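Fold and geometry: a report
Residue-level listing of the chains:
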Amino acid sequence: HIQDPASQRLTWNKPPKSVLVIKKIRDASLLQPFKELCVYLTEVNNMIVYVEKKVLEDPAIANDENFGPVKKKFCTFREDYDDISNQIDFIICLGGDGTLLYASSLFQGSVPPVMAFHLGSLGFLTPFNFENFQSQVTQVIEGNAALVLRSRLKVKVVKEHREKTTVQNGIEENGVVSASLEKEVGKQIMQYQILNEVVVDRGPSSYLSNVDVFLDGHLITTVQGDGVIVSTPTGSTAYAAAAGASMIHPNVPAIMITPICPHSLSFRPIVVPAGVELKIMLSPDARNTAWVSFDGRKRQEICHGDSISITTSCYPLPSICFRDPVSDWFESLAECLHWNVRKKQNNFAVEEEE
């Protein structure tokens, strides 16, 4: 039995009490919607509202006396300092697609359901309009909404931890001239949960990147070009689409591998099953290092001996739909990417046919 994507529904074991509101920073147009939403959540629905501390530091919010009583009810947190993962029932995003990616980064384990309002520039991942937010938020609180489980990537970066030590006068104890010395002092391991994509590129170097891609321990290819994108179905409509990849519906269990400007005309993007383990390393004969970023953040250099392991995470991001997973996705293709939009061909006139 194959599950119909439209059958996925949001249900609460008990009524939600706490909500995290994520607002795009430095956007004056979002101040009024943010205030209206927070007043509605706290005063009408008696919800506990969590807001990031830097959001409240905006002068337009800090100096608003009318908003003061509402602001005092907020619970605040700081990214990378405070863990709120077990305190949030659902999330509301105000902004563009970046707010959903940011929400994903805050939860490295299980993610609460996310309701995203389209108040940014693109809005591919944000299906709700803010005009009727009261009725839409009420429906979510009551559990009357469709869901799409957006798969994420679990990424582990293992780096050979090197320590540079400067040698006095450029001479070591054995008399060898050396300005600095790199010593390996163990390994550094970092883990990330990624919603869109992992991008490995050549960074500032003028040389092609040269990285090996392994699948379940087997070398499948070497990427020579500007880099490679490993993306989720959600990320297939982002950087991967710009690099020539197919667009995959978020309900499809898959991982996409897309080269960036490959130095081989036959290197086409490929789709592999969700659950396989990919590993990316610098090729032994690579002329330069590579750089990696995760959903456009945490950019860092990858050297010889370092590795990037990627597989499907067991913690997807539950995204609340406006209608259903199929309708929302195709409407986003038409609205945001103008997919297959063209002038229609004229039909034949009756006289010509006769």
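The structure this text deals with has already been given above.
Everything numeric in this text was worked out from a predicted model, so none of it was measured. (Residues numbered from 1 in each chain as written. Predicted model: local features only at pLDDT ≥ 70, side-chain atom pairs only at ≥ 80, totals over all residues. Heavy atoms only, no water.)

The next thing to look at is the side chain of Asp212. Mapped onto the elements of the fold, Asp212 is located in strand 10 (residues 209–215). A distance of 2.8 Å separates a polar atom in the side chain of Asp212 from a polar atom in the side chain of Thr222. At 2.7 Å, the side chain of Asp212 and the side chain of Ser283 are in polar contact. Residue contacts for Asp212: discarding those within four places in its chain leaves Leu219, Thr221, Thr222, Lys279, Ile280, Met281, Leu282, Ser283 and Pro284. (Helix = DSSP H or I, 4+ residues; strand = E, 2+ residues; numbered from the N terminus. Polar contact = N/O pair within 3.5 Å; in protein donor to acceptor, adjacent residues only side chain to side chain. Contact = heavy atoms within 4.5 Å.)

A few words now on the environment of Ile61. In this fold, Ile61 is placed in helix 3 (residues 59–62). Judged by its relative accessible area of 0%, Ile61 is buried. If we ignore the near neighbours within four places in the chain, the residues touching Ile61 are Lys23, Leu31, Phe34, Lys35, Val55, Leu56, Phe67 and Lys71. (Buried < 20%, exposed > 50% of the residue type's maximum accessible area, 1.4 Å probe, protein only.)

In this section: empty space enclosed by the protein. Enumeration according to the criterion identifies one cavity of 30 Å³ or more in this entry. Every residue lining the largest cavity is counted, 13 residues in all, and those nearest its centre are Phe124, Val148, Arg150, Asp328 and Trp329. Looking at the lining of the largest cavity, the elements with two or more residues in it are strand 6 (147–150), strand 19 (317–320) and helix 8 (325–336). Sorting elements by how many residues they give to the lining of the largest cavity places helix 8 first, with four residues. Across the lining of the largest cavity, the residue classes break down as nine nonpolar, two polar and two charged. (1 Å grid on protein atoms, 1.4 Å probe; cavity = no way out; pocket = protein on both sides within 12 Å on 5 of 7 lines; lining within 4 Å. Points joined across faces, edges and corners; volume = space filled by probe spheres on them. Nonpolar A, V, L, I, M, F, W, Y, C, P; charged D, E, K, R; others polar.)

Bringing the pattern of salt bridges into the picture now. Throughout the structure, instances matching the rule amount to eight salt bridges. Between Lys54 and Glu52 there is a salt bridge whose closest N-O contact spans 3.8 Å. Given a relative accessible area of 40%, Lys54 falls into the partly exposed group. When its relative accessible area of 8% is taken as the criterion, Glu52 is described as buried. Glu160 is the salt-bridge partner of Lys187, the closest N and O atoms lying 2.6 Å from each other. In this pair, Lys187 sits in strand 8 (residues 180–194) while Glu160 sits in strand 7 (residues 153–166), placing the two residues 27 residues apart along the sequence. (Salt bridge = Lys/Arg side-chain N within 4 Å of Asp/Glu carboxyl O.)

One pass over the structure, following the stated rule, counts 12 aromatic pairs. The side chain of Arg78 reaches across the aromatic face of Tyr81, ending 4.7 Å from its centre. (Phe/Tyr/Trp six-rings, centres within 6.5 Å; stacked < 30°, edge-to-face > 60°. Lys NZ or Arg CZ within 6 Å of the ring centre and 35° of its normal.)

Attention now moves to the layout of surface pockets. Any empty space left between atoms is shown by rolling a water-sized probe over those atoms. Quantified by volume, the largest pocket comes out at close to 420 Å³. Taken together, 22 residues make up the lining of the largest pocket; nearest its centre are Asp80, Ser105, Leu106, Phe107 and Gln108. Listed by contribution, the elements that provide at least two residues to the lining of the largest pocket are helix 5 (97–106), strand 8 and strand 17 (297–302). Residues belonging to the lining of the largest pocket are distributed by class as follows: nine nonpolar, six polar and seven charged. Of the domains in this structure, domain 1 (9–151 + 316–337) and domain 2 (153–161 + 185–312) are the two that each give at least three residues to the lining of the largest pocket. (Domains from an automatic or database assignment.)

A cluster of nonpolar side chains, Leu122, Val326, Phe330, Leu337 and Trp339, forms an exposed patch at the surface whose accessible area comes to about 420 Å². With respect to the secondary-structure elements, Leu122 resides in the loop between strand 5 (114–118) and helix 6 (133–141). Taking relative accessible area as the criterion, Leu122 reaches 39% and is therefore assigned partly exposed. (Patch = residues over 30% accessible without salt bridge, like charges linked within 9 Å, V, L, I, M, F, W, Y side chains within 5 Å. Areas by Shrake-Rupley, 256 points an atom, 1.4 Å probe, with all protein chains shown as cover.)

What follows covers the sheet that holds strand 13 (residues 254–260). In space, the six strands of this open sheet follow the order 14-13-12-9-16-17, with antiparallel pairing throughout. At either margin of the open sheet sits one strand with a lone partner, and together these are strand 14 (270–273) and strand 17. Ignoring strand direction, the axes of neighbouring strands in this sheet form an average angle of 20 degrees. As paired elements, strand 9 (residues 197–201) and strand 16 (residues 290–294) share four bridges and run antiparallel to each other. Within strand 16, the position partnered with Val198 by the bridge is Phe294. (Pairing = 2+ DSSP bridges. Axes fitted to C-alpha atoms, helices over the stretch in contact; angles between N-to-C directions.)

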